[in-house]
Amino acid sequence: MRLRHKPHAIPHMQESSYIIFDPENHKGSWKDIFKNKNEIELEIGAGKGDFIVSKAINTTDKNFLALEMNTNAFVSACKKIEENDLKNVYGIVGKAEELTDMFDENEISKIYLNFSTPWPKKRHNKRRLSHENFLKLYKVICKTGAEIELKTDNEDFFDASVAYMEDFGMEIIEVERNLAEEDSIVTEYERKFRDRNMPIFHLIAKFK
Ligand SMILES: C[S@@+](CC[C@H](N)C(=O)[O-])C[C@H]1O[C@@H](n2cnc3c(N)ncnc32)[C@H](O)[C@@H]1O
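This is a predicted model, so every value here is computed, not measured.

Novice: Before we go on, may I ask you to explain the overall build of the protein in this structure?
Specialist: Within the protein, the regular secondary structure consists of eight helices and eight strands. Since a compact globule built from 208 residues should have a radius of gyration of about 17 Å, the 16 Å found for the protein is in line with a globular shape. Dimensions of the protein, computed from the C-alpha atoms along their principal axes, are close to 40 × 35 × 35 Å. The burial tally for the protein puts 38% of its 208 residues in the buried class. In the protein, the share of contacts with a sequence separation of at least 24, taken over all contacts with a separation of at least 6, comes to 75%.

Novice: I would appreciate a short explanation of the site of the ligand in the present structure.
Specialist: Close contacts around the ligand come from 20 residues, with Gly45, Gly47, Phe115, Thr187 and Tyr189 the closest. When residues of the shell around the ligand are traced back to their parent elements, those giving at least two are strand 3 (63–68) and helix 8 (188–195). With three residues, helix 8 is the single largest residue contributor to the shell around the ligand. Along the lines of polarity and charge, the residues of the shell around the ligand split into eight nonpolar, seven polar and five charged.

Novice: Just to check I follow, could you spell out unusual backbone geometry for this structure?
Specialist: Look at Asn106: it is not a glycine, yet its phi comes out positive at around 70 degrees. Along the polypeptide, Asn106 turns up in the loop between helix 5 (99–102) and strand 5 (108–114). A positive phi angle, close to 40 degrees, is found at Trp119, a residue other than glycine. With respect to the helices, strands and loops of the structure, Trp119 is situated in the loop between strand 5 and helix 6 (132–141).

Novice: Is there a simple way to explain the nonpolar core in this structure?
Specialist: It is characteristic of soluble globular proteins that their nonpolar side chains tend to be buried jointly. Within the largest apolar cluster, 51 residues are counted, with the highest numbers of intra-cluster contacts made by Ile52, Ala66 and Ile111. For Ile52, the contacting residues outside a window of four places in its chain are Glu43, Ala46, Phe64, Ala66, Ala77 and Val89.

Novice: Can you help me understand the environment of Gly49 in this one?
Specialist: As for its placement among the helices and strands, Gly49 is situated in the loop between strand 2 (40–44) and helix 3 (50–58). Assessed through the 25 C-beta atoms surrounding it within 10 Å, Gly49 is described here as buried. Spatially, the C-alpha atom of Gly49 lies 12 Å from that of Glu82, the residues being 33 residues apart in sequence. Leave out the neighbours within four places in its chain, and Gly49 touches Ala66, Ser76, Ala77, Lys80 and Ile81.

Novice: When you look at the sheet that holds strand 8 (residues 201–206) in this model, what are you seeing that I'm missing?
Specialist: Whenever strands of a sheet pair, they do so through backbone hydrogen bonds, lying parallel or antiparallel. Strand order across the open sheet formed by eight strands is 1-4-3-2-5-6-8-7, with mixed pairing between neighbours. Each edge of the sheet is formed by a strand with only one pairing partner; in this case those strands are strand 1 (19–20) and strand 7 (171–176). Bridge analysis of strand 5 against strand 6 (residues 142–152) gives six bridges, and the strand direction is parallel. Pairing of Ile108 across the sheet is with Cys142, part of strand 6. Packing of helix 7 (residues 155–167) onto the sheet brings it into contact with strand 6, strand 7 and strand 8, and relative to strand 8 it is tilted by some 10 degrees.

Scoring rules and cut-offs
Residues numbered from 1 in each chain as written. Predicted model: local features only at pLDDT ≥ 70, side-chain atom pairs only at ≥ 80, totals over all residues. Helix = DSSP H or I, 4+ residues; strand = E, 2+ residues; numbered from the N terminus. Rg over C-alpha atoms; globule rule 2.2 N^0.38 Å. Buried ≥ 20, exposed ≤ 12 C-beta atoms within 10 Å, placed from the backbone. Contact = placed C-beta atoms within 7 Å. Near = placed C-beta within 6 Å. Nonpolar A, V, L, I, M, F, W, Y, C, P; charged D, E, K, R; others polar. Core = buried A, V, L, I, M, F, W, Y, C linked by C-beta atoms within 7 Å. Pairing = 2+ DSSP bridges. Axes fitted to C-alpha atoms, helices over the stretch in contact; angles between N-to-C directions.

Following this line, the structure appears as structure tokens:
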């Protein structure tokens, strides 16, 4: 599904104190933005922000960053953060490919990948956010022992993600092939799949 172009999206986010367009200027100093030393967790491909906003509301002793490259979707996340007047979450407009320009070593404590694009064609597999090429970037910016938590509706993408992480030497902590709704913060995409009674696959893996 293509998102409607929203001409107001970029101007709205540029006016907002919650959205960061120059993440490279905060490399190594993200704690200053939050004005505390709490752990920082990062969602990549945050879409309309339901997950990260819920996390931030319910976990006030942690800081959260939401990365998204699609400004038409992300303006909704921006509005949700503003409406809740949250102090522990910011959005970043940017691409996962640029993570090591944005973050120093050890700045991130956990990464969330919710319903990432599955890229089913073999020639596109390298674009998957769980592919080794991205795991290498995550390992640089994450603390030792940091976790990646992934949810998806796509079984092939899920099985490949488990294999990518195992092959990368990560410890697989949890593999759940039918995640109960009460155990999940339901995202926009997840809602659509759950409404069609599709199983939700859930994985937690840890950098050793
Ligand atoms: C299928 S949507 C899921 C959105 C949301 N996480 C959810 O569960 O409702 C995938 C999102 O990931 C974003 N995305 C895909 N590749 C990305 C990348 N390389 N860097 C940043 N965002 C990316 C897309 O723009 C899109 O908004």
